[in-house]
Every structure is written in structure tokens, then in C-alpha cells.
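Architecture at a glance
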Amino acid sequence: MSVDTSLRFDKDYVTGFSNSRQEPAWLQELRLQALELAQELPMPKPDKTKIDKWNFTEFKHEATGTPVAFNELPEDVKALIGSEEEAKNVLVIHNGTPVYFALEESVKGQGVIYTDLLTAAKEHEDLVKKYFMKAVAMDENRLPALHAALFVNGAFLYVPKNVELSAPIQAVYYQDDEAAIFNHVIVAAEDNSSVTYVENYLSTNESSESVANIVSEVYAGSGAKVVYGAVDNLAKGMTTYVNRRGRAEKDARIEWALGQFNDGNTVSDNTTHLIGDGSFTDTKTVTIGRGDQKQNFVAQIFNHGKHSEGYILTHGVMKDNASSIFNGITKIEHGATKSHGEQTERVLMLSEKARGDANPILLIDEDDVTAGHAASVGRIDPLQMFYLMSRGIPKAEAERLIIHGFLAPVVSQMPLESVKNRLVEVIERKVR
């Protein structure tokens, strides 16, 4: 029996929700347009993954968090952002409500805007309107349309021209009741600017069913550089749809380092469009599947500009009865001469019933380019195990070391030491 995909949210609900938050008129109008689309559009059809029985439409929607002092934040959150002295450029959102925020005056003084998305929509209306739902179209299918109609909050980060930020900007989004996570993130770096943004998603409510519908849009202007790090760690009861998109202009760089460690069923789309000549992207993703969860990951790069370069590296570990699909897609468009695309998908299976499917795909519509791919699905190399065990390392410890080494290419790329340490802890817990 499939999940009822009809919407229990109507025009009156969306209008009332928008009015209660005192949103600008254009945003309310966009929400209502998206609601109409959500009622008409079909669900997405991820390759080789049936999602018709997954829950994407039944959830508690209201925001319920309350602002707190730093010492009142949960220990898991404080572990990610360090001490109060270290938490210099951080936004914490609890159940859709901003509860803690800090931004250095030196960062503000350079014209950088960093705040929750609802505040940005009110105080920086023209900027938000310029970027919101432009990289991700709300008419793609039902889930982005539903997101646009019902998003609760998120983050807005704007870096002006020629501003280079050395300190990372951080966000933590956590949920501890049955509330859904409808989160939208915009990172916009103007020409010749640079910024590192790191986010963490946490949920601690294991007992109830809920939904995470997450969209991120990254814009890198000419000569700009954006490093985007993320660790998703949502509980088993959360059905997750996450769509992260990037657009890189001439000579721009977007670097992704994604740790996707949800315990529930997940559909993930990470797509970058290399619009300008000389643009560059590097996408690194790691995941661990366990229990009976099912996951579908798509990493896509579209080369539009000449001399553009795109790299995809995906490492997954599957255990128990978990199954995951890994699709890497490099599309070099006609006219993108001298471009280069390269991708690697590797899956390590730890049990007989675990399943991993790695599919590297090259779509080339131009002659004067270079491209390559590699994929492997297999079990732990017995020679590696023998080597470690012959030196007195117990089997379980040897397996743990091999897994950490397998995932290290992405873990090592996390820009914040506190986040990197948290990522190692999550890996330990999931493979233990």
C-alpha cells in the first residue's frame, strides 16, 4: 500500500502561515504558485529506487524553537561549534526557529550579509528575490514545489565583490520533536570573492515519522570561490529529500564536501552548472548505509563553459540490509571545448545482504574535450585485513581502520576541525 501523496495544506493554510510571519507580498505569491504546482506535479522518479511508499507529505509543519543563550544549547550542537568564544560566525536554527546567532563585526563591516532566510526576506528583499528558487526550479517535480510552498526557514549568506573571508561561516539545524525540516539555504558570492560555509543537520527524535525537504542554492560570480561543507545526520524516522545546486560563472570555483549520514530513507541531488569559461567544481561525497534504509544519490556536473573542469568522487559504505544507488553524471555541452570531466564512485559492502550500485555516466556533446570515469563495488580486501591482523590488530579494529581510510578523502576536506571530529564520531557510531 503506497503512502497517500495528497496534500493536507491548502491556500488558506499557506496564506495564513505567510501572514503570521509578515512575509513580503512577492514571497507569499510565490508560495501560492508553488502550492498549485505541488498539487499538479508528479513525484520524482529516481533511477532504480521506488519511493512511492516513502512519506514525503505527512508531517508537522509549524516552527517551535525558542531563542536561548549559548550555554543552553544542546551538547551535540556546542560540540560542533566549539566554545562560546569560538562561535564567532554561526547560526543555530532549532525546529525552524533561529535560537542563537553570532557574527563578527569585522565580517559585517565588509558588507557581508549572514542571517536566517526569513529575516533576510524582510530586510534584504531584493537580494533574496534575486536568488530564491532560481538554481532549483519549483516546477521540476512535486518535492521542490512543495518546498517552495512550505519552506520554514534557512540561511542567507551574501558576500560582496572582492571580499575574501578567511574564517568559515557555520550553520547548525537541529530538530528534536516530530517537526519537519523545510530548510532553504542561499550562498551568493559576488565576483572575485571567497567564502567557506559549513552546515550540520541533526535530529534526535527516533520515535516519530517526519520529513526533511532541504534545498540549497550556491551562486559563484566571476572569479569567486565557494567551499560548501555539509554533514547530514538525521534520525531513522526522517524521510529526506535534499537538493543542493550550484552555478559557477567565469573562472569561478565551487567545492563541495558532503557527509550524508542520515539513518532514514534519502533522496539526494547535488548538481553544479559550470556556466562560465574556466569554471571549476569538485564534488566529494561520503555516506554510510545501515539497517534497512534505502538511499539514492545523484552527483551531476554540467559543463557549459569552455575550459571548464568538473570532478566527482563518491565513497559509500553499506552494511546490514541497506541499499544505495550512486549515479555520477558528467554532461559536457556542445560548445564547451577544452573542458574536462572526471568521476569515481566506490562502494564498500560489509555484509552479504547489503547492496550498492555505482553508475558513472558520461554524456559528451563536444569533440575537443577529455573525460574519464571509474567505479567499483566490492567487499573489504582480504589482503588488507590479513596485513593488519598479522600485525596483531583484532579483526573488528582492522575493519574499522580500513573503513576510515576508505572515507578519508572527504572527511579530510571538512574545513572546520570541530565538524571533522564530529564526522569521525558519526562514522564510528554507524560502523560499530
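Because the structure is predicted, anything quoted here is derived from the model rather than measured. Think of each chain on its own: its residues are numbered from 1, step by step along the sequence as written. Predicted model: local features are reported for residues with pLDDT of at least 70 only, side-chain atom pairs are reported and counted for 80 or more only, and whole-chain, interface and lining totals are derived from all residues. Only hydrogens and water are set aside; all other atoms, that is, all heavy atoms of the structure, feed into the side-chain values.

**Some points on the packing of aromatic side chains**
Put simply, the rule reads: Paired rings are identified among Phe, Tyr and Trp, the last through its six-membered ring, by centres lying within 6.5 Å, and are further divided according to the angle between planes into stacked (under 30 degrees), edge-to-face (over 60) and tilted (the rest). Every helix listed is a DSSP run of H or I at least four residues long, and every strand listed is a run of E at least two residues long, numbered separately from the N terminus. Throughout this description, buried means an accessible area under 20% of the type-specific maximum (1.4 Å probe, protein chains only), exposed means over 50%, and partly exposed covers the range between. Remark: a charge is flagged as sitting over a ring if the NZ atom of Lys or the CZ atom of Arg is within 6 Å of the ring centre and within 35 degrees of the ring normal.
Inspection of the entire model under this criterion finds 15 aromatic pairs. Their ring planes at 45 degrees and their centres at 5.0 Å tell us that F132 and F151 sit as a pair that is tilted. In this pair, F132 sits in the loop between α6 (125-131) and α7 (142-150) while F151 sits in the loop between α7 and β4 (153-159), placing the two residues 19 residues apart along the sequence. For F132, a relative accessible area of 2% puts it in the buried group. Accessibility expressed as a relative area gives 3% for F151, which makes it buried. On the numbers, 4.8 Å between centres and 25 degrees between planes, the contact of Y173 with Y201 is stacked. Residue Y173 is located in strand β5 (residues 169-175), and its partner Y201 is located in strand β7 (residues 194-203); the two are separated by 28 residues in the primary sequence. As far as the burial class goes, Y173 and Y201 line up, both buried. Directly above the ring of F280 sits R253, whose terminal nitrogen or CZ lies 3.9 Å from the centroid.

**Some remarks on the nonpolar core**
Applied cut-off: In these notes, a set of buried Ala, Val, Leu, Ile, Met, Phe, Trp, Tyr and Cys residues joined through side-chain atoms within 4.5 Å is what counts as a nonpolar core. Residues count as neighbours in contact if any of their non-hydrogen atoms are within 4.5 Å of one another.
Judged by nonpolar contacts, the single largest core of 41 residues is most densely connected at Y114, L157, V187, V195, Y197 and Y228. Beyond its immediate stretch of four places on either side in the chain, V187 contacts L157, V195, Y197, E217, V218, Y219, V226 and Y228. Within the second largest apolar cluster, 39 residues are counted, among which are F9, F59, Y131 and I186.

**Description of the sheet that holds strand β10 (residues 238-248)**
Our working rule: Two strands make a pair as long as DSSP finds a minimum of two bridges between them. A fitted line through C-alpha atoms serves as each axis, taken over the contacting stretch for helices, and the angle formed by two N-to-C directions is quoted from 0 to 180°.
The strand order across the open sheet formed by nine strands is β3-β4-β6-β8-β10-β12-β14-β16-β18, and the pairing between neighbours is mixed. Every other strand in the sheet has two partners, leaving β3 (113-116) and β18 (355-364) as the edge strands with one partner each. On average, each strand axis in the sheet is tilted by 5 degrees relative to the strand beside it, whichever way the strands run.

**Looking at helix α9 (residues 395-411)**
Here is the rule: Given a helix with a known number of residues, its expected span is that number minus one, times 1.5 Å. One fitted axis covers the seven residues ending at a residue, a second covers the seven starting there, and the bend at that residue is the angle between these axes.
The terminal C-alpha atoms of α9 lie 23 Å apart, and with 17 residues this matches the ideal 24 Å at 1.5 Å per residue to within 8%. Along α9, the helix axis deviates most sharply at G405, where the bend reaches about 30 degrees; the proline P409 sits within four residues downstream. Taken together, the buried positions of α9 are A398, I402, I403, H404, F406, L407, V410 and V411. Buried residues along α9 sit in contact with β11 (253-260), β13 (280-289), β15 (309-318), β17 (340-349), α8 (382-389) and α10 (417-431).

**Observations concerning the packing of helix α2 (residues 25-40) against α7**
When two helices pack together, you describe them by how their axes are tilted relative to each other and by the distance separating the axes. Selection rule: For classification purposes, angles smaller than 35 degrees are called roughly parallel, those larger than 145 roughly antiparallel, those between 65 and 115 roughly perpendicular, and all remaining angles oblique. For a crossing to be left-handed, the near helix must be turned anticlockwise from the far one by less than a right angle; the clockwise case is right-handed. Think of it as three bins: nonpolar holds Ala, Val, Leu, Ile, Met, Phe, Trp, Tyr, Cys and Pro, charged holds Asp, Glu, Lys and Arg, and polar takes everything else, Gly as well.
Taken N-terminus to C-terminus, the directions of α2 and α7 make an angle of 150 degrees; their axes are 7 Å apart at the nearest point. Relative to α7, the element α2 lies roughly antiparallel. You can see that α2 and α7 cross each other, and the crossing is left-handed. Between α2 and α7, the residues in contact are L30, R31, A34, L35, L37, A38 and Q39 and R142, A145, L146, A148, A149 and L150, respectively. For the contact of α2 with α7, a count of residues per class yields ten nonpolar, one polar and two charged.

**Concerning unusual backbone geometry**
Residue N192 is not a glycine yet carries a positive backbone phi of 60 degrees. Within the fold, N192 resides in the loop between β6 (181-189) and β7.

**Here's the deal with the pattern of salt bridges**
Rules: A side-chain nitrogen of Lys or Arg and a carboxyl oxygen of Asp or Glu constitute a salt bridge if their distance falls within 4 Å.
Applying the stated criterion across every chain, the model contains 23 salt bridges. The partner of E140 in a salt bridge is R245, with the nearest N and O atoms 2.9 Å apart. One end of the pair, E140, is in the loop between α6 and α7; the other, R245, is in strand β10, and 105 residues separate them in sequence. A relative accessible area of 9% means that R245 is categorised as buried. Of the charged contacts, one joins D282 and K284 as a salt bridge, the two residues approaching to 2.6 Å between their closest N and O atoms. When sorted by exposure, D282 lands in the same class as K284, which is buried. Taken together, the shared-partner salt bridges in this structure form one network comprising D263, R290, R429 and K430.

**Focus: the sheet that holds β11**
Pairing is mixed in the open sheet, where ten strands are placed in the order β2-β1-β5-β7-β9-β11-β13-β15-β17-β19. For this open sheet the edge positions go to β2 (97-102) and β19 (370-378), each flanked by a neighbour on one side alone. With direction set aside, neighbouring strand axes in the sheet form an average angle of 10 degrees. The pairing of β13 with β15 spans ten bridges and is classified as parallel. Within the sheet, the bridge partner assigned to K284 lies in β15 and is L313.

**Concerning the pairing of strand β1 (residues 90-94)**
Most of β1 sits out of view: five of its five residues are buried. Covered by surrounding structure in β1 are V90, V92 and H94 together with L91 and I93, the residues of both alternating faces. Hairpin connection between β1 and β2: a loop of two residues separates the two successive antiparallel strands, and N95 in this loop has a positive phi of roughly 50 degrees. As paired strands, β1 and β5 are joined by five bridges and run parallel to one another. Directly across from L91, in β5, lies its bridge partner A171.

**So, the UniProt feature "domain: SUF system FeS cluster assembly SufBD N-terminal" (unreviewed entry) in the protein**
Our working definition: UniProt positions are given in the numbering used here, feature names are shortened, and annotations may be inferred rather than shown by experiment.
Feature annotation in UniProt places "domain: SUF system FeS cluster assembly SufBD N-terminal" (unreviewed entry) on residues 93-170, given in this structure's numbering. Structurally, residues 93-170 is divided into 35% helix and 27% strand, and its ends, taken at the C-alpha atoms, are 11 Å apart.

**With respect to the environment of L41**
Of note, L41 is situated in the loop between α2 and α3 (75-81). For the pair formed by L41 and R142, sequence separation is 101 residues and the distance between their alpha carbons is 5.0 Å. In this view, L41 contacts M138, D139, N141, R142 and A145; residues no more than four positions away in its chain are not counted.

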